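As a plain string of letters, each chain reads:
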Amino acid sequence: MISLALDTSTPSGSLAILRNLRLMGAAMTDSHEAYSTRMFRHLESLMKELGLTVRDFELFSVVVGPGSFTGLRVGITAVKGWSEVFGTPVAGVSALEALAVQSHSPAPILAAYIDARRGGVYGAVYNRSGEALSLIGEEVSMSPDAFLAYVTQTIAADEPPAIRSGSDRTTVRAQDVGLVSATPEVLAAAMEQSEVWRGHALESVSPLLAPVVGRIGVERHRRGLVVDALRLDANYIRPTEAELLWKGP
């Protein structure tokens, strides 16, 4: 099966073409220009190099959030259009899951996060069993110090056995939780101000998400966890700036 994976959630977005789980080619540019403006140029070049057309793809995998509202809309709209025209199934993938999947930490709990700009982060907490991840709680958008508190509270509420310490259910030990990001520095200052998290290691993973997104998508396709164009939707987590500014009548 040949599939196309897209990540337009950040300025350093990417795309990848896979045959089953094997990467055939990928493209990424680290630039302040939104990746959504370069995506079609990169795709055309990569398809030409591999002798493919959009009709050849049997699956589209796309990041549905969190991230840039404009960027997400461009990537999702493109996939919706192709899926509608060619009847191709789609796997929607979280950027945070694509970060967590890359972790080499032995910790049973992973907290993935990315820079949300304006002093905030997007983040999520996952239980890990083997190679499988399961979301604990929900994906959130908040300040770095609030996210660290959210990780602590979410873990305590979920009561994973690996991090319970006697009767103190809020105790978090460094070896129990892996903090994973392509932009680890955005949490550093908040960690230094936290008694719980000060000195905790941060794991840096690749911002090139499309190959990982593609592999997650293929696995979901194998399990029947795909959607069509009508059911594909973005996960913005927070209201867009236009929604925040709109006062209504």
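Keep in mind that this is a model prediction, so the values were computed, not measured.

For soluble globular proteins, nonpolar side chains are generally found buried alongside one another. Within the largest apolar cluster, 26 residues are counted, with the highest numbers of intra-cluster contacts made by Leu96, Ala98, Leu99, Ala112, Tyr126, Leu209 and Val213. Those elements giving two or more residues to this core turn out to be strand E2 (14–19), helix H2 (69–86), helix H3 (95–101), strand E6 (109–117), strand E7 (120–129) and helix H6 (210–222). Ranked by the residues each element gives to this core, the list is headed by H3, at five residues. Each residue touching leucine 209, except ones within four places of it in the same chain, is listed here: Asp7, Ser14, Ala95, Ala98, Leu99 and Gln102. Counting residues in each nonpolar core, the second largest holds 23 residues, with Leu6, Met39, Trp82 and Ala234 among its members.

Spanning twelve residues, helix H1 (residues 39–50) covers 16 Å between terminal C-alpha atoms, matching the ideal 16 Å at 1.5 Å per step. Among the residues of H1, Met39, His42, Leu43, Leu46 and Met47 are the ones counted as buried. The buried residues of H1 occupy an angular sector of 125° when projected down its axis, which confines them to one face. Across from the buried face of H1, at angles greater than 90 degrees, the exposed residues are Glu44, Lys48 and Glu49. If you follow the buried residues of H1, they end up packed against strand E1 (2–7), E2, strand E3 (22–28) and H2. Following H1 by one or two positions, glycine 51 has its phi on the positive side, about 70°.

Moving on, we get to the pattern of salt bridges. Proximity of charged atoms lets side chains of opposite charge pair with each other. By the definition in use, this model includes four salt bridges. In this structure, the salt-bridge partner of aspartate 115 is arginine 117, at a minimum N-O distance of 3.5 Å. Salt-bridge contacts for aspartate 228 lead to arginine 231; the nearest nitrogen and oxygen are separated by 3.5 Å. Judged by relative accessible area, aspartate 228 falls into the partly exposed class, the value being 35%.

Reading across the sheet, the five strands line up as E8-E7-E6-E9-E10 and stay open at both edges, with mixed pairing between neighbours. Because the sheet does not close on itself, it has two edges, and the strands there are strand E8 (132–142) and strand E10 (202–204). On average, adjacent strands in this sheet sit at an angle of 25° to one another, irrespective of strand direction.

The full count for this structure, using the stated rule, is six aromatic pairs. A centroid spacing of 5.3 Å and a plane angle of 70° characterise the contact between phenylalanine 69 and tyrosine 236, whose relative ring orientation is edge-to-face. With a gap of 167 residues between them, phenylalanine 69 in helix H2 and tyrosine 236 in the loop between H6 and helix H7 (241–245) connect regions that are remote in the sequence. Relative accessible area serves as the criterion here: at 15%, phenylalanine 69 is assigned to the buried category.

Further remarks concern the sheet that holds strand E5 (residues 90–94). To summarise the sheet geometry, strands pair through backbone hydrogen bonds and adopt either a parallel or an antiparallel arrangement. If you walk across this open sheet you meet the five strands as E3-E2-E1-E4-E5, and the pairing is mixed. The open sheet has two free edges, formed respectively by E3 and E5, since each of these has just one partner strand. When strand polarity is set aside, the average angle formed by the axes of neighbouring strands in this sheet is 20°. On top of the sheet, H2 reaches E1, strand E4 (59–65) and E5; it is set at about 150° to E4, its chief contact.

A separate point is the packing of H1 against H2. Look at H1 against H2: their axes get within 11 Å of each other, and the N-to-C directions meet at 45°. With respect to H2, the axis of H1 lies oblique. Two secondary-structure elements touch here, H1 through Met39, Phe40 and Leu43 and H2 through Val74, Ala78 and Trp82. Taken together, the residues of the contact of H1 with H2 sort by class into six nonpolar, no polar and no charged.

With 86% of its residues at a pLDDT of 70 or more, the chain has an overall mean of 88. Every residue in residues 160–170 scores below 50 in pLDDT, and together they form 16 contacts with partners more than four places removed in sequence or on other chains.

Criteria and cut-off values
- Residue positions are counted from 1 within each chain, in the order its sequence is given.
- Two thresholds apply to this predicted model, a pLDDT of at least 70 for residue-level local features and 80 or more for giving and counting side-chain atom pairs, whereas whole-chain, interface and lining totals are computed over all residues.
- Just so you know, side-chain values use all the structure's heavy atoms and leave hydrogens and water out.
- In this description, a nonpolar core means a group of buried Ala, Val, Leu, Ile, Met, Phe, Trp, Tyr and Cys residues linked to one another through side-chain atoms lying within 4.5 Å.
- For every residue, the accessible area obtained with a 1.4 Å probe (protein chains only) is divided by the maximum for its type, and the residue is called buried under 20%, exposed over 50%, and partly exposed between those limits.
- In this text, helices come from DSSP runs of H or I with a minimum length of four residues, and strands from runs of E with a minimum of two, each type numbered from the N-terminal end.
- Residues are treated as being in contact if the distance between any of their heavy atoms lies within 4.5 Å.
- The span you would expect from a helix comes to 1.5 Å times its residue count less one.
- By definition, the arc is the one covered by directions from the helix axis to the C-beta atoms.
- Definition used for salt bridges: Asp or Glu carboxyl oxygen within 4 Å of a side-chain nitrogen of Lys or Arg.
- We treat two strands as partners when DSSP finds at least two bridges between them.
- Axis definition: a line fit to C-alpha positions, over the contact stretch in the case of helices; interaxial angles, taken between N-to-C directions, run 0 to 180 degrees.
- Only the six-membered ring of Trp is used, alongside the rings of Phe and Tyr, when aromatic pairs are assigned; centres must lie within 6.5 Å, and planes under 30 degrees apart are stacked while those over 60 apart are edge-to-face, with the rest tilted.
- Angular relationships are summarised with four words: roughly parallel below 35 degrees, roughly antiparallel beyond 145, roughly perpendicular across 65 to 115, and oblique for the angles in between.
- Residue classes follow a fixed rule: Ala, Val, Leu, Ile, Met, Phe, Trp, Tyr, Cys and Pro count as nonpolar, while Asp, Glu, Lys and Arg count as charged, and any other residue, Gly among them, counts as polar.
- Note: pLDDT gives the predictor's confidence per residue, expressed from 0 to 100.

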